[in-house]
Amino acid sequence: WDLVAGFLATEGVIRSRDDLASMRYCVDEEQHYNVVDAALAAGVPVPESVWSRNFYTTSSCGICGKASIDAVTVAVPPALAEDTTQVRSSVLVSMPDTLRSAQTVFERTGGLHAAGLFGAGGDLRCLREDVGRHNAVDKVLGWALREGLGPLSGHVLMVSGRASFELTQKAAVRGVPVLAAVSAPSSLAVDLAETAGVTVIGFLRGPEMNIYTHPGRVLAS
């Protein structure tokens, strides 16, 4: 359920849990446990595509360029750029270890990505794992939506891989002020974050990190 709700939210189809009337497994499908029908609440329109993406089997995200950035920022909460969330650097550097220690499936398999939603004080509110980085993030943001949370002011989204354009898009659309990654962001992710008002942190390993955008949210202590 979290994956479906998160995907619909980060694609701009829904904005709150009230926009979803129901979700159910498709009993007519042979693999009904892998197919979900989501029904929108009465009065919620099926939107035209806010931005276009192509699901090719490549390592690319399928979207690029200034036009994509402009399209994504239409769906970003207006208050995000003015979000006053602040996080201490000492709290940020503790997050990778907290994330890793909570990865129970990774502990058994060694082959999954993780995403975690932290409070600004460093408390881990939700962790999800998946083979795909984007799915892990959608699961976390779907959990938050189903809990009635959003926009997600006062939170940090921590990811186990790099900060791609698409992960930055998902954070921005759900109003997450800080996106932290253990690896590098792409240049297009940094461009989007600068425009949308997201603080992007990369190479968050040990006591060090790189802050690429909106550094005022990080306190040096």
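Small disclaimer: the values here were computed from a predicted structure and weren't measured.

## Some remarks on the overall build of the chain
The number of helices and strands found in the chain is eight helices and ten strands. The burial tally for the chain puts 46% of its 221 residues in the buried class. For the chain, the proportion of contacts with a sequence separation of at least 24, taken over those separated by at least 6, is 52%. If you sum the accessible surface of the chain, you get close to 10,800 Å²; carbon and sulfur atoms cover 51% of it.

## Quick notes on the pattern of salt bridges
If you walk through the whole model with that rule in mind, you get five salt bridges. For R146, the salt bridge identified is with D2, shortest N-O distance 2.8 Å. Of this pair, R146 sits in helix 6 (residues 133-146) while D2 sits in helix 1 (residues 2-10), and the two are 144 residues apart along the sequence. Residue class for R146 comes out partly exposed when judged on its relative accessible area of 36%. Using a relative accessible area of 14% as the deciding quantity, one classes D2 as buried.

## Observations concerning the packing of helix 6 against helix 7 (residues 165-173)
The contact between helix 6 and helix 7 brings their axes to 10 Å, and the two run at 5 degrees. Classified by the angle their axes make, helix 6 and helix 7 are roughly parallel. On helix 7, the residues that touch R133, H134, V137, D138 and L141 of helix 6 are E166, L167 and K170. Here the contact of helix 6 with helix 7 is built from residues that sort into three nonpolar, one polar and four charged.

## Observations regarding the nonpolar core
Counting residues in each nonpolar core, the largest one holds 32 residues, and the members touching the most others are V137, L157, V159 and V198. Looking at this core, the elements that each hand over two or more residues are helix 2 (66-73), strand 4 (113-119), helix 6, strand 6 (155-159), helix 7, strand 7 (178-181) and helix 8 (187-196). With six residues, the single largest contributor to this core is helix 6. Not counting the four nearest positions on each side in its chain, V198 is found in contact with L80, A172, V176, P177, L179, A193, T213, H214 and R217. The next biggest cluster of nonpolar side chains, apart from the first, holds 17 residues, and it includes V91, M95, V156 and V218.

## With respect to the sheet that holds strand 6
Pairing in this open sheet of six strands is mixed, and the strands run 5-4-6-7-8-9 from one edge to the other. For this open sheet the edge positions go to strand 5 (124-130) and strand 9 (208-211), each flanked by a neighbour on one side alone. This sheet shows a mean twist of 20 degrees between the axes of neighbouring strands, independent of strand direction.

## Quick look at the side chain of R174
Note on placement: R174 falls in the loop between helix 7 and strand 7. Buried charge R174 goes without a salt bridge, the closest partner of opposite sign being D19 at 7.5 Å. What R174 contacts, discounting residues up to four positions off in sequence, is A9, T10, I14, R15, L141, L145, L149, G150, P151 and L152.

## Focus: the side chain of R133
Relative to the helices and strands, R133 is located in helix 6. Reaching out from R133, the side chain makes a polar contact with the backbone oxygen of R162 at a distance of 3.0 Å.

## Describing helix 1
Buried within helix 1 are the following residues: D2, A5, G6, L8, A9 and T10. Here the buried face of helix 1 lies against strand 1 (20-25), strand 2 (36-40), strand 5, helix 6 and helix 7. One or two positions beyond helix 1, positive phi appears at G12, with a value near 80 degrees.

## A closer look at the environment of P151
Mapped onto the elements, P151 comes out in the loop between helix 6 and strand 6. For the pair P151 and V173, spaced 22 residues apart in the sequence, the C-alpha separation amounts to 8.4 Å. Not counting residues up to four positions away in its chain, the partners in contact with P151 are P77, R174 and G175.

## A short note on the environment of K139
Structurally, K139 is set in helix 6. For the pair K139 and A115, spaced 24 residues apart in sequence, the C-alpha to C-alpha distance is 8.4 Å. Apart from residues no more than four positions distant in its own chain, K139 is found in contact with D2, L3, R128, E129 and D130.

So, how was this worked out
Residues numbered from 1 in each chain as written. Predicted model: local features only at pLDDT ≥ 70, side-chain atom pairs only at ≥ 80, totals over all residues. Heavy atoms only, no water. Helix = DSSP H or I, 4+ residues; strand = E, 2+ residues; numbered from the N terminus. Buried < 20%, exposed > 50% of the residue type's maximum accessible area, 1.4 Å probe, protein only. Contact = heavy atoms within 4.5 Å. Areas by Shrake-Rupley, 256 points an atom, 1.4 Å probe, with all protein chains shown as cover. Salt bridge = Lys/Arg side-chain N within 4 Å of Asp/Glu carboxyl O. Axes fitted to C-alpha atoms, helices over the stretch in contact; angles between N-to-C directions. Parallel < 35°, antiparallel > 145°, perpendicular 65-115°, else oblique. Nonpolar A, V, L, I, M, F, W, Y, C, P; charged D, E, K, R; others polar. Core = buried A, V, L, I, M, F, W, Y, C linked by side-chain atoms within 4.5 Å. Pairing = 2+ DSSP bridges. Lys, Arg positive; Asp, Glu negative; His and termini not counted. Polar contact = N/O pair within 3.5 Å; in protein donor to acceptor, adjacent residues only side chain to side chain.

The values are spatial; any link to function lies outside them.
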